[in-house]
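Okay, here's what each chain looks like letter by letter:
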Amino acid sequence: MDLPSLVVILQGALSPNPSERKAAEDSLNQFQYAPQHLVRLLQIIVEGNCDMAVRQVASISFKNFIAKNWAPHDPDEQSKILPADKEVVRQNILNFVSQVPPLLRAQLGECLKTIVHADYPEQWPTLLHWVKHNLQDQQVYGALFVHRVLSRKYEFKSDEERLPVSHIVDETFPHLLNIFNRLVQIPAPSIDIADLIKLICKIFWSSIYLEVPKQLFDANVFNAWMILFLNILERPVPAEGQPTDPELRKSWGWWKVKKWTVHILNRLYTRFGDVKLQNPENKAFAQVFQRNYAGKILECHLNLLNVIRVGGYLPDRVINLVLQYLTNSISKSNMYSQLQPRLDVVLFEIIFPLMCFSDNDQLLWDEDPHEYVRKGYDIIEDLYSPRTAAMDFVSELVRKRGKENLQKFLLFIVEVFKRYDEAAAEYKHYRQKDGALLAIGALCDKLKQTEPYKSELERMLVQHVFPEFSSPVGHLRAKAAWVAGQYAHITFSDPNNFRRALHSVVAGMRDPELPVRVDSVFALRSFVEACNDLGEIRPILPQLLDEFFKLMNEVENEDLVFTLETIVDKFGEEMAPYALGLCQNLAAAFWKCMNSAEADDDGDDPGALAAVGCLRAISTILESVSRLPELFVHIEPTLLPIMCRMLTTDGQEVFEEVLDIVSYMTFFSPTISLDMWSLWPLMMQALGDWAIDFFTISDILVPLDNYISRSTAHFLTCKEPDYQQSLWDMISSVMRDENLEDGDIESAPKLIQVFFQNCKGQVNRWVEPYLTITMERLRRTTKPYLKCLLVEVVADALYYNASLTLSILQKLNVATEIFNLWFQMLQQTRRNGARANFKREQDKKVCCLGLTSLLPLSADQLPGEALDRVFKSTLDLLVAYKEQVAEAAKEEAEAEAAEDDDDMGNLETDDEDDGDDSDGEMGVEDGDEAESNRLQRLAARARAFRSDEEFDDDDSDDDISDDEEMQSPIDDVDPFVFFVDTIQALQASDPLRFQNLTQALDFHYQALANGVAQHAEQRRVEIEREKLAKVAEAAAAAAAAAS
């Protein structure tokens, strides 16, 4: 296609007529792989006489095509772009990237990034020479722009991948330094100069992000750079041309230069300037940095902060970074000594005002309360927030230098409280009170463990926090709820005070101001966790849930869902009357959040996180009513559309959470419905297309196990779809994939075991295929744990049908190979004498059942010598199994006995040295308890699928523990009883063979055999007792239900 024709098609892509637009897009797609197409697009982009809109469409098409096709994802796939076209693009894009307008430059920059990442240095060795040459020529901006793209390629690279950085720095940094030096000396510099300096800063940042290049270890070279950075840091930004609009002002070029300079100096200080963090070869650099530069930077930062103290302007991000530097300086004696003389001014005239409610806060509260809430709960906003940085500074100050600062700061806060209380309503400093409450909340961990403050907390709450629940000022009502939540877990001497706070927080959920309602819900979570008497909440539970869902309809916030999870977890089965309604509301909220997230082009909408929270809350509800299976029948229609949609590519971000729900629905429902079975093909398709990661971490195994084990008849009889065939297709694909590591496929043999154990006697046609792929994989397996799993597949197949399995192994000519390997693995021990393989109880049991199943075979299939070997190995294994079961029971009893003694004491220390020790505040938030219990029963099943590879170390004495809640058809098979019954059957059917076997045993194995026989009889008695107990328990439950 010639250039004019391509221009016409691009113009068509801009047409308001949908059919014309579609025709143009189809034409572009049709010709996109034609020779020269990419080159012509680039020609249009750089053609100044062409219509700007057409150039923009061309740039977007150019960028998308390069992103998709320049470097194929599959290394074996041939590139769809001709090498000649690639070469033309590489030769021309560099010269034009600085000449096109900024709108087009952004698109070409993305293209350049793709090409550089794919081609440099192998396919584009001349790139660095071009950059170096143009840094000395007239195309300085273009050279810096390209250098920035090149340096970003290595920003996060380490070790060998980072090697090209040294050469790049060697070739370009002397020229960069020269340019930087000249730019800094220009009087009255324009905004274009700022753009150039900003690019140099970004190049430097990427080059030193993970490691300082060795060239900068030269003291003179590094000093030359530092002089320039300190120059930029010290001098004020030009007043002329500074925008008045706040949003434009913070992104103005000169403020960007200031931000990047502070960013670089912070990085050098925190990563490379701390002597204690450095490896030996970098220690000298750290010492020089501390001695020559750290203090100068601190002085400059303090001067910068003074600007806002006197009412001047600093962008939020600059304030945040400067405060981070100050915070990191607190623990270092020399830096703290320099900070100390100005500390009071910093603390009371800069830090505290930043903690107070501001004009911007009030404006956002009034004009867009939803955005106020979003920013308040957005962790990304926290990273850039001056207020968060101020709170971090105060927290670090009282943690590391508390002896001299905690009391002083608290006296200041008390004085704020006092002035507020004494002032008339029209003169009260509401915003200062807000800042003081924020400070008290931020210091809660320190105050809750430090006397004399610890014993005064309840009085402080009653006197200074609780009154603000009824404040005429909305932000104080919100702050009161937040602070109350921070201290909900203290021990209240007067239970009425806890009750008062709880009811005030609940009342806050009906506040007219949205931020107050949200902060109240967040605080409620802490009160629910801390509440020992649920009678306080039980009467208002229906109203609470109503308020929750009203709020969830207004705000997409995962913290709301966390609170709901906590309530559900706390009340357990008491939530049954509300379970269906909760699931319906959460499902509606989920769809709303997903629609919001899909509509958000930036991908940072809080709806995505809230959607995940909704699914987690649904799982928590299902867990809470797991003993009421009939409820699942009513809940299923509500959740089925979510499961159906989110098991496709639409649900990649929530796939794990959806699998949890599928696991609950297939495990606790009375039966697995046909609608639920419709999810099986979706999961198989996902595994085949994109979800293999969820296979390697066992997430998908629990629901697949549930389908096979709880609805075996349907699994076996249904032919459309053919579930057995789809299972085989998936497992065989995984097992034969040479690109998957041993650790990635451990779930496959586990699933084969599930198949054989649950379908005993009904899937003979699949024994040979599964044994074939098992042996294929076993031959190239190196990881011991996977070897064990693959051998256990053979053991399960023997237990399934020993005669059939042995004949197949002989047909495949692998019988001798597999049994030699198996017996060898059974005999392998670690240095401490423990078994090296088959470490779990379940592993040993499967091996016992498989080997025992061989014993009744005739001499034709199992000669006498082999029978003797199998018999002895089984005895050894049974003894090891018995010992492990006994040891596990002992450990469980000891763990239960010790459970009440696991409280951890808190130490009150106050470090004054250069170390990074804290005040001994180590603990788990009470809020984590709900999360830890959330998937208790289903996670138990998942744990049985996990690898025990971490125990492969010969020096480890630990064995992975079995999980009693992992259910399997062999659970009811006692290996001792099974062994004795099998031997007795052999004795009855072939007395001579039995006699030959037993007479050949030495004293050791005769003793073992007698011991196993005695234990088997003991187990028979115990099993019968357990059956009678279950019958009695069921009868009692039925009687209780009837009454």
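Computed from a predicted structure; not experimentally measured. Each residue is numbered by its place in its chain's sequence as written, counting from 1. For this predicted model, a pLDDT threshold of at least 70 governs which residues receive local features, and a threshold of 80 or more governs which side-chain atom pairs are given and counted, while totals over whole chains, interfaces and linings are taken from all residues. Excluding hydrogens and water, the side-chain values take into account all heavy atoms of the structure.

Enquirer: Got a minute to help me understand helix H27 (residues 495-508) in this structure?
Expert: Because the α-helix completes a turn every 3.6 residues, residues three or four places apart line up on one side. Each helix is a run of H or I in the DSSP string that is no shorter than four residues. Each strand is a run of E no shorter than two, and both are numbered from the N terminus. Here the expected span of a helix is defined as 1.5 Å times the quantity of residues minus one. When the terminal C-alpha atoms of H27 are compared, their 20 Å separation across 14 residues agrees well with the 20 Å that a helix rising 1.5 Å per residue should span. Categorising residues by exposure relies on relative accessible area from a 1.4 Å probe, with only protein chains included: less than 20% of the type maximum marks a residue as buried, more than 50% marks it as exposed, and the intermediate range marks it as partly exposed. Among the residues of H27, those classed as buried are Asn497, Phe498, Ala501, Leu502, Ser504, Val505, Val506 and Gly508. Buried-residue contacts for H27 involve helix H25 (457-465), helix H28 (514-530) and helix H29 (541-554). For H27, the capping residue at the N-terminal end is Asp494, with a side-chain oxygen 2.9 Å from the backbone nitrogen of Asn496. Throughout, a contact is declared for two residues whenever any of their heavy atoms are within 4.5 Å. What qualifies as a polar contact is a pair of N or O atoms within 3.5 Å, subject to a donor-acceptor requirement within protein and to the restriction that residues adjacent in sequence count only when both atoms come from side chains.

Enquirer: Would you mind showing me how to read the packing of helix H44 (residues 802-811) against helix H45 (residues 815-827) here?
Expert: Packed helices, taken two at a time, are described by their axes: the angle between them and the distance between them. Structural elements are reduced to axes, namely lines fitted to C-alpha atoms, with helices fitted over the stretch in contact, and the angle between N-to-C directions of any two is expressed from 0 to 180 degrees. Where H44 meets H45, the closest approach of the two axes is 7 Å, and the angle between their N-to-C directions is 110 degrees. It follows that H44 is roughly perpendicular to H45 by the angle criterion. Mapping the contact onto sequence places Leu806, Leu809 and Gln810 in H44 and Ala815, Ile818 and Phe819 in H45. A breakdown of the residues in the contact of H44 with H45 according to their chemical character gives 5 nonpolar, 1 polar and no charged. Angles below 35 degrees are treated as roughly parallel, those above 145 as roughly antiparallel, those between 65 and 115 as roughly perpendicular, and all remaining angles as oblique. The nonpolar class holds Ala, Val, Leu, Ile, Met, Phe, Trp, Tyr, Cys and Pro. Asp, Glu, Lys and Arg form the charged class, and all remaining residues, Gly among them, are polar.

Enquirer: Can you walk me through the packing of aromatic side chains in this structure?
Expert: How two aromatic rings sit relative to each other is set out by the distance from centre to centre and by the angle between their planes. To pair, rings of Phe, Tyr and Trp, with the six-membered ring standing in for Trp, must have centres within 6.5 Å; the planes then decide the type, stacked if under 30 degrees apart, edge-to-face if over 60, and tilted in the middle. Counted under the stated rule, the structure contains 55 aromatic pairs. Between Tyr799 and Phe978 the ring centres are 5.6 Å apart and the planes differ by 75 degrees, which places this aromatic pair in the edge-to-face class. Within this pair, whereas Tyr799 is found in helix H43 (residues 784-800), its partner Phe978 is found in helix H50 (residues 975-989), the two being separated by 179 residues in sequence. Between Phe871 and Phe979, the aromatic rings sit 5.5 Å apart at their centres with planes inclined by 35 degrees, giving tilted as the arrangement. Taken together, the residues span a long stretch of sequence, with Phe871 in helix H47 (residues 864-898) and Phe979 in helix H50 at a distance of 108 residues. The exposure class assigned to Phe871 is buried, which follows from its relative accessible area of 3%. Put simply, the rings of Trp677, Trp680, Tyr707, Phe715, Tyr723, Trp728, Phe755, Phe756, Trp766, Tyr770 and Tyr800 touch in pairs and so form one group of aromatic residues. Our definition puts a charge over a ring when NZ of Lys or CZ of Arg is within 6 Å of the ring centre and also within 35 degrees of the ring normal. Geometry around Tyr336 places Arg401 over its ring, the cationic atom sitting 4.6 Å from the centre. Its end group placed over the ring of Tyr799, Lys760 keeps NZ or CZ at 4.0 Å from the ring centre.

Enquirer: Before we go on, may I ask you to explain the nonpolar core in this structure?
Expert: Considering soluble globular proteins, one finds that nonpolar side chains tend to be buried as a cluster. Only buried residues count toward a nonpolar core. Its members are Ala, Val, Leu, Ile, Met, Phe, Trp, Tyr and Cys residues joined through side-chain atoms within 4.5 Å. Of all hydrophobic cores here, the largest spans 336 residues; its most connected members are Phe62, Leu268 and Leu727. Broken down by element, the residue count for this core peaks at 13 residues, all from H43. If near-sequence neighbours (up to four positions away) are discounted, Leu727 is found in contact with Trp680, Met684, Ile708, Phe715, Leu751, Phe755 and Tyr770. Judged by nonpolar contacts, the second largest core, of 5 residues, contains Trp365, Tyr372, Ala478 and Val516.

Enquirer: Got a minute to help me understand the state of the cysteines in this structure?
Expert: Linking two cysteines covalently through their sulfur atoms gives a disulfide. Put simply, a disulfide is two cysteine sulfurs that come within 2.5 Å. Tallied over the entire structure, the rule returns 0 disulfides. With no disulfide of its own, Cys201 has Cys300 as its nearest cysteine by sulfur position, at a separation of 15 Å. Cysteine Cys593 remains unbridged, with the sulfur of Cys614 as its closest cysteine sulfur at 4.6 Å. The class of Cys593 is buried, set by a relative accessible area of 4%.

Enquirer: Mind showing me how you'd approach the environment of Arg162 here?
Expert: Along the polypeptide, Arg162 turns up in the loop between helix H8 (140-153) and helix H9 (163-184). Residue classification places Arg162 among the buried positions, given a relative accessible area of 6%. Taking the C-alpha atoms as reference points, Arg162 and Glu468, separated by 306 residues in sequence, lie 56 Å from one another. For Arg162, the residues in contact, after removing those within four places along its chain, are Tyr154, Glu155, Lys157, Ser206, Ser207, Ile208, Leu210 and Glu211. Among the polar contacts made by the side chain of Arg162, one reaches the main-chain carbonyl oxygen of Ser207 at a distance of 2.5 Å.

Enquirer: Looking at this model, I keep getting lost on the environment of Gln967. Mind explaining?
Expert: Looking at where Gln967 falls in the secondary structure, it is placed in the loop between helix H49 (936-943) and H50. The sequence separation of Gln967 and Asp705 amounts to 262 residues, and the corresponding C-alpha distance is 9.6 Å.

Enquirer: Sorry, what's going on with unusual backbone geometry here?
Expert: Peptide bonds are trans in most cases, and residues, glycine excluded, mostly fall at negative phi. In this chain, Tyr120 is followed by Pro121 through a cis amide linkage whose omega measures 0 degrees. When you line up the elements, Pro121 lands in the loop between helix H6 (102-119) and helix H7 (127-135). One non-glycine residue, Gln36, lies in the positive phi region at around 75 degrees. Within the secondary structure, Gln36 is located in the loop between helix H2 (18-31) and helix H3 (37-46). According to the relative accessible area criterion, Gln36 is partly exposed, its value standing at 34%. Positive phi, close to 55 degrees, is recorded for Asp159, a residue that is not glycine. Here Asp159 is to be found in the loop between H8 and H9.

Enquirer: Can you walk me through the packing of helix H10 (residues 191-208) against helix H11 (residues 219-234) in this structure?
Expert: Contact geometry of H10 with H11 gives a least axis separation of 13 Å together with a crossing angle of 130 degrees. Classified by the interaxial angle, the pair formed by H10 and H11 is oblique. Crossing of H10 against H11: the hand is left-handed. Residue-level inspection shows Ile197, Ile200, Cys201 and Phe204 of H10 in contact with H11, the latter providing Trp225, Phe229 and Ile232. Of the residues that constitute the contact of H10 with H11, the class distribution is 7 nonpolar, no polar and no charged. Each crossing gets its hand from how the near helix is turned against the far one by less than a right angle, where anticlockwise is left-handed and clockwise is right-handed.

Enquirer: Where do I start with helix H5 (residues 83-96) in this structure?
Expert: Compared with the 20 Å implied by 1.5 Å per residue over 14 residues, the 20 Å span of H5 between its first and last C-alpha is a close match. Every buried residue belonging to H5 is among Asp85, Lys86, Val89, Arg90, Ile93 and Leu94, and all of these are buried. On its buried side, H5 packs onto H3, helix H4 (52-69), H6, H7 and H8.

Enquirer: I would appreciate a short explanation of the confidence of the model for the protein chain in the present structure.
Expert: Regions with low pLDDT should not have their predicted coordinates read in detail. Values of pLDDT, the confidence the predictor places in each residue, fall between 0 and 100. When pLDDT is averaged along the protein chain, the result is 89; 92% of the residues meet or exceed 70. Low pLDDT (under 50) marks residues 902-938, which in the prediction has 90 contacts with non-local residues, meaning those over four places away or in another chain. Ignoring residues within four places in sequence, the model shows residues 940-965, a span with pLDDT below 50, making 68 contacts including any to other chains.

Enquirer: Is there a simple way to explain the environment of Arg291 in this structure?
Expert: Relative to the assigned elements, Arg291 resides in helix H14 (residues 280-309). Of the residues examined, Arg291 reaches a relative accessible area of 60% and is grouped as exposed. Each C-alpha atom, one on Arg291 and one on Asn334, is 9.5 Å from the other, the two residues being 43 residues apart in sequence.

Enquirer: In this structure, what is going on with the pattern of salt bridges? I would like to understand it.
Expert: Oppositely charged side chains are able to pair whenever their charged atoms sit close together. Note on definitions: salt bridges are taken to be side-chain nitrogens of Lys or Arg within 4 Å of carboxyl oxygens of Asp or Glu. In this structure the tally under the stated criterion is 41 salt bridges. We note a salt bridge from Arg477 to Asp511, for which the minimum N-O separation is 2.7 Å. Placement of Arg477 in helix H26 (residues 474-486) and of Asp511 in the loop between H27 and H28 is noted, with a sequence separation of 34 residues between them. For Arg477, a relative accessible area of 11% puts it in the buried group. In this structure, Arg1020 and Asp981 form a salt bridge, with 2.6 Å as the shortest nitrogen-oxygen distance. Of this pair, Arg1020 sits in helix H52 (residues 1003-1042) while Asp981 sits in helix H50, placing them 39 residues apart in sequence. Judged by relative accessible area, which is 27%, Arg1020 ranks as partly exposed.

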